[in-house]
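# Analysis of the macromolecular model
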Amino acid sequence: MTKSEFLKKLKKKIDILEESEVEDILKDYEGFIDEKINQGMSESDAVSSLGNLDEITEELLSAYKIKKTPNKSENIINHFVNQIIDIIEKIIYAFSHKSLREIIRFMFEIVGIFLILFLCKIPFEIIISLGKNVLYDLCTSIGGYSFYEIVSGIAKFFIEMIYLIFAIILFIKLFENRYKNSDFFDTKEMNRNVPKKKNEVIKESENKSKAKEIEHEGLSILDILVNICMFIIKSFVFFVLIWVIFYIVGMTAAVGISIYLFTLGITYIGFYLGILSLLILGICIFLVLFNFIFNRKNNLVALFFTTLGSLIFLGIGIGIATIEVAQTQIVYDTENNQNLEVQTFEYPMKENLVLHNFGTNYKIDDSLNDLIRVEYKYNPDFVDYHFYEENEMYQDFEIITSRYDVTSFDYNHKIFEQFLEDLKHKKIQINNYDLHITVYVSSEVYNQLKSNEEKLNALYDRDYDLEDICYELNNQGYEVPSYCLPYLYEEM
Amino acid sequence: MILINTQFKKGVLELLVLLMVEKKDMYGYELVEAVSKVVNVNEGTIYPILKRLTNEGFFETYLEESKEGPPRKYYHITVAGKKRKKEQVEEWISFAQSVNDFIKGSDKK
């Protein structure tokens, strides 16, 4: 090898270094060879005395703390897998140690890379569709449609594969370029010697401070996007926070009520426990959200144990509450209640009588003959009624309508007190404050009443139909018959 | 002449270079010649060591005119270089000592 050959090869190998450094090194070796030649050695001997070029290159690069460039004989797949593992390691590390802001930024950049990959797909798609047309003409003339399908399938597969490989390489390259030197994956534990490209041989510290300056100088589109995203997330969290505040207020009220009920002697401990732990959980969530919005730090340990504790108490509470609910007796008694107030009204039966609004609870008592007895039953502890009736005539029928007014104002208050009193004994009474109406009649009267009711209903139906017909006739401009006049006049 | 493997060689070469340059300022060719008289080494691999020691601040360089041709780059040891040399020498001595002890020990058995 001649001197110039050697120098040329060496130059190529250490091309990664800054130009002035390369020149300096070349000068050293040139000087050495010249000296040897001056000493009387032949040019090729002088060069070969320097030793293996690869070895020299490796040593030289290591003097600049640059890792040996991947050896061509090294297994390519191995190298590739190592690289991927490396990247994954870095990603995991970064995600577990970086702020939400940085992660969002990173996401956007990944999306950007995918967008670029997507754009790169377009030419491939064009090739595929063009190729299909060409192949179609070609193949159908040779071997028919099925032949075309096979060939185009294979061709498409290969083109897609090329794209896939291309995409993977491009992705890795873009990813590397962006993140190998960035702060995102910069970690003390994972600091590696990163090859310095020609234009980056400026001292590392300078490099970093410059990069930071650039970051501070102007907001890139990405930064704006990140800011917008952070704003949206924070606004969302803020709205959630409002609901959490409502929840806490409600839960606080519930705890207050629980304490009140407890002092009354109502012992649904499970419910109280559950409500209390729900309140504490709410406060925990509030703290986390609040600290997130105002960028404050959480006391994670305390928060974790509080949450855990309240979850455990919630579970215990639910368990106890289930037992308590199972123990609670639900009572439907009304009729058998001894304390019910009874008011009785009696009406003489008439041939054309119809009862209205007396309910459906009829009881046959033949000893009554032509008398109708109505019983109103209710619990006077809660409510008091004033009963009366309205009489009206419809055609030939006499209608008695039952009416009542609530006269006592203790209604709700007493119900509530009774409810609480019952709860102390794990009992819930249902319906015992309702009004119960019973009509006692003889079977003859009952039949008469029912038949009268049916007739009256039929009459109502007919009259309503008639009313409709009259309106219709009138609207259409016909002369209305005389029986229509009452309906039409009524409306006027 | 000593024949040694690469990793080991690196350390030894560095020590030798440090010792030589401490004695007097030397230029590249001179150094390479001197070192290769002591250790059997590809002469090309000494320049990278000089480069590294310079990059790490153990050597300073300056140019001086020569009668035979272009100006020569001389290497001069710095204070940090002297400290480094001291460490390296101590390391080497203790290393050699323990190896020697081991050899003596295994001879007895």
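Within every chain, residues take consecutive numbers counted from 1 along the sequence as written. Chain letters start at A and ligand numbers start at 1, both assigned in the order the entries are written. Owing to the predicted nature of the model, reporting of local features is limited to residues with pLDDT of at least 70; listing and counting of side-chain atom pairs is limited to 80 or more, with chain, interface and lining totals taken over all residues.

## Digging into the overall build of chain A
Elements are defined by DSSP. Helices are runs of H or I of four residues or more, strands are runs of E of two residues or more, and each kind is numbered from the N terminus. A count of helical and extended segments in chain A gives 13 helices and 9 strands. Every one of the 492 residues in chain A was classed for burial, and the buried ones make up 12%. Here the contacts in chain A between residues at least 6 apart in sequence split such that 73% fall between residues at least 24 apart. Burial is judged by counting the other C-beta atoms within 10 Å of a residue's own C-beta: 20 or more makes it buried, 12 or fewer makes it exposed, and any count in between marks it as partly exposed, with every C-beta position built from the backbone. Residues are scored as being in contact if the C-beta atoms we place from backbone atoms lie within 7 Å.

## Observations concerning the overall build of chain B
On a plain count of helices and strands, chain B comes out with 4 helices and 3 strands. Ordered by position from the N terminus, the helices and strands of chain B form the series α-β-α-α-β-β-α. Expressed as a percentage of its 109 residues, the buried residues of chain B come to 28%. In chain B, the proportion of contacts linking residues at least 24 apart, taken out of those at least 6 apart, comes to 48%.

## Digging into the environment of Ile14 of chain A
Residue and element names in this part refer to chain A. When you line up the elements, Ile14 lands in the loop between α1 (3-13) and α2 (19-38). With 18 C-beta atoms counted inside 10 Å, the residue Ile14 sits in the partly exposed group. Beyond its immediate sequence surroundings of up to four residues, Ile14 is in contact with Val22, Ile25, Thr57, Leu60 and Leu61.

## As for the nonpolar core
To form a nonpolar core, buried Ala, Val, Leu, Ile, Met, Phe, Trp, Tyr and Cys residues must be joined through C-beta atoms within 7 Å. Counting 33 residues, the largest nonpolar core has Val17, Leu31, Val35, Ile46 and Leu50 of chain B as the members making the most contacts within it. Sequence-distant contacts of Leu50 of chain B, defined by excluding residues within four places in its chain, comprise Val17, Gly28, Leu31, Phe59 and Tyr75 of chain B. Counting residues in each nonpolar core, the second largest holds 12 residues, with Phe358, Tyr378, Tyr440 and Val441 of chain A among its members.

## So, the packing of α2 of chain A against helix α2 (residues 28-38) of chain B
It is the contact of α2 of chain A with α2 of chain B, at a shortest axis distance of 9 Å, that shows an interaxial angle of 65°. On the basis of the axis angle, α2 of chain A is roughly perpendicular to α2 of chain B. The two elements α2 of chain A and α2 of chain B cross, and the hand of that crossing is right-handed. Here α2 of chain A contributes Asp28, Gly31, Phe32 and Glu35 of chain A to the contact with α2 of chain B, which in turn contributes Gly28, Tyr29 and Val32 of chain B. Within the contact of α2 of chain A with α2 of chain B, the residues separate by chemical class into 3 nonpolar, 2 polar and 2 charged. To get an axis, fit a line to the C-alpha atoms, keeping to the stretch in contact for a helix; angles then go from 0 to 180 degrees between the N-to-C directions. Each angle gets one of four labels, with under 35 degrees taken as roughly parallel, over 145 as roughly antiparallel, 65 to 115 as roughly perpendicular, and the rest as oblique. Crossing handedness is defined as follows: a turn of the near helix away from the far one that is anticlockwise and smaller than a right angle gives a left-handed crossing, while the clockwise case is right-handed. Polarity classes work like this: nonpolar for Ala, Val, Leu, Ile, Met, Phe, Trp, Tyr, Cys and Pro, charged for Asp, Glu, Lys and Arg, and polar for all others, with Gly in that last group.

## Details of the packing of helix α4 (residues 53-63) of chain A against helix α3 (residues 46-55) of chain B
Where α4 of chain A contacts α3 of chain B, the axes come no closer than 8 Å and their chain directions differ by 5°. In terms of their interaxial angle, α4 of chain A and α3 of chain B are classed as roughly parallel. Counting all contacts with α4 of chain A, which are made through Ile56, Glu59, Leu60 and Ala63 of chain A, the residues of α3 of chain B involved are Pro48, Lys51, Arg52 and Asn55 of chain B. Tallied by class, the residues present in the contact of α4 of chain A with α3 of chain B amount to 4 nonpolar, 1 polar and 3 charged.

## With respect to the interface of chain A and chain B
Facing 18 residues of chain A, the contacting portion of chain B comprises 15 residues. Only α2 and α4 of chain A provide two or more residues apiece to the side of chain A that touches chain B. Counting residues per element, the side of chain A that touches chain B draws most heavily on α2 of chain A, which supplies 8 residues. Its residues assigned to classes, the side of chain A that touches chain B shows 8 nonpolar, 5 polar and 5 charged.

## Brief notes about unusual backbone geometry
Note on backbone geometry: most residues besides glycine have negative phi, and most peptide bonds are trans. Residues and elements named next belong to chain A. The phi dihedral of Asn357 falls on the positive side, at around 70°, and the residue is not glycine. Asn357 gets classed as partly exposed once you count the C-beta atoms within 10 Å, which come to 13. The backbone of Asn369 sits at a positive phi, close to 55°, despite the residue not being glycine. Checked against the element boundaries, Asn369 lands in the loop between β4 (362-364) and β5 (371-378).

## A look at α2 of chain A
The span you would expect from a helix comes to 1.5 Å times its residue count less one. Taking 1.5 Å per residue, 20 residues should reach 28 Å; α2 of chain A reaches 28 Å between its end C-alpha atoms and fits that length. All of the buried residues in α2 of chain A are Ile25, Asp28, Tyr29, Gly31, Phe32, Ile33, Glu35 and Lys36 of chain A. On its buried face, α2 of chain A is in contact with α1, α3 (43-49) and α4 of chain A together with α2 and α3 of chain B. In the stretch just after α2 of chain A, Gly40 of chain A is the one whose phi turns positive, near 105°.

## Here we look at the sheet that holds strand β7 (residues 397-406) of chain A
Residue and element names in this part refer to chain A. The pairing criterion for strands is at least two bridges between them, as found by DSSP. Spatial strand order, β3-β7-β6: 3 strands in an open sheet with mixed pairing. Of all the strands in the sheet, the pair left with one neighbour each is β3 (353-356) and β6 (385-394). Going from strand to strand, the sheet's axes swing by 25° on average, the running direction of each strand aside.

## Examining the sheet that holds strand β9 (residues 436-441) of chain A
Residue and element names in this part refer to chain A. Reading across from one edge, β2-β5-β9-β4 is the order of the 4 strands in this open sheet, with mixed pairing throughout. Among the strands making up the open sheet, the edge pair consists of β2 (341-348) and β4. Strand-to-strand, the axes of this sheet are offset by a mean angle of 25°, without reference to chain direction. Direction of pairing for β2 relative to β5: antiparallel, over a ladder of 8 bridges. Bridge pairing in β5 links Glu346 to Arg373.

## Comments concerning helix α12 (residues 443-475) of chain A
Under the 1.5 Å per step criterion, the end-to-end length of α12 of chain A is 48 Å for 33 residues, consistent within 8% with the ideal 48 Å. Downstream of α12 of chain A by a residue or two, Gly477 of chain A has a phi angle that is positive, lying close to 90°.

## Digging into the pairing of β6 of chain A
All names here are of chain A. Burial of β6 is sparse: only 0 of the 10 residues sit out of reach of the surface. Strand direction decides the pairing type here: β6 and β7, joined by 10 bridges, are antiparallel. The residue of β7 that forms the bridge with His386 is Asp405. Here β6 hands over to β7 after 2 residues, with Gln395 in that stretch at a positive phi of 55°.

## Observations regarding the confidence of the model for chain A
pLDDT expresses how confident the predictor is about each individual residue, on a scale running from 0 to 100. When the pLDDT values of chain A are averaged, the result is 79; 84% of them are 70 or greater. A low-confidence stretch, residues 186-218 of chain A stays under pLDDT 50, and its non-local contacts, those more than four residues away or across chains, total 20 contacts.

## Quick notes on the environment of Asn352 of chain A
All names here are of chain A. Position of Asn352 relative to the elements: it lies in the loop between β2 and β3. C-alpha separation for the pair Asn352 and Phe397, spaced 45 residues apart in sequence, amounts to 5.0 Å. Excluding residues within four positions of it along the chain, Asn352 makes contact with Asp396, Phe397, Glu398 and Asn452.

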